[in-house]
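Observations on chain architecture
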Amino acid sequence: MDTIIWAGLLVVLVLIYRQSSRRTVQAAWWVMLLLTGLLLRHHITSGLGLGYTW
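Residues numbered from 1 in each chain as written. Predicted model: local features only at pLDDT ≥ 70, side-chain atom pairs only at ≥ 80, totals over all residues. Heavy atoms only, no water.

**Details of the overall build of the protein chain**
When helices and strands are tallied, the protein chain shows two helices and zero strands. Relative to its 54 residues, the protein chain shows a buried fraction of 15%. Working note: accessible area of the protein chain is about 4900 Å², and carbon and sulfur atoms make up 68% of it. (Helix = DSSP H or I, 4+ residues; strand = E, 2+ residues; numbered from the N terminus. Buried < 20%, exposed > 50% of the residue type's maximum accessible area, 1.4 Å probe, protein only. Areas by Shrake-Rupley, 256 points an atom, 1.4 Å probe, with all protein chains shown as cover.)

Here's what the structure looks like:
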């Protein structure tokens, strides 16, 4: 999970460095935010399904 998040942030950083359009950078940022949220949701619910507690 961490690898996917870091890879997405690296892609956004490269887009900024290459001076891509603002719309492209924002789209990449929102896609990564959405994917991170989905991965977090899956990770938390699967952990609770195994009987883990907070």
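**Description of helix α1 (residues 2-17)**
Relative to the 22 Å expected for 16 residues at 1.5 Å per residue, α1 spans 22 Å between its end C-alpha atoms, a close match to the ideal helical length. Inspection of α1 places I5, G8, V12 and L15 among the buried residues, and these make up the whole buried set. Buried residues of α1, viewed axially, fall in a sector of 85 degrees; they line one side. Counted as exposed and oriented over 90 degrees from the buried face of α1: D2, T3, W6, L10, L13 and Y17. Q19, located one to two residues past α1, shows a positive phi value of around 55 degrees. (Expected span 1.5 Å × (residues − 1). Arc of directions from axis to C-beta.)

**So, unusual backbone geometry**
Positive phi values are uncommon outside glycine, yet Q19 reaches one of about 55 degrees. Counting through the fold element by element, Q19 comes out in the loop between α1 and α2 (22-49). Residue class for Q19 comes out exposed when judged on its relative accessible area of 70%.

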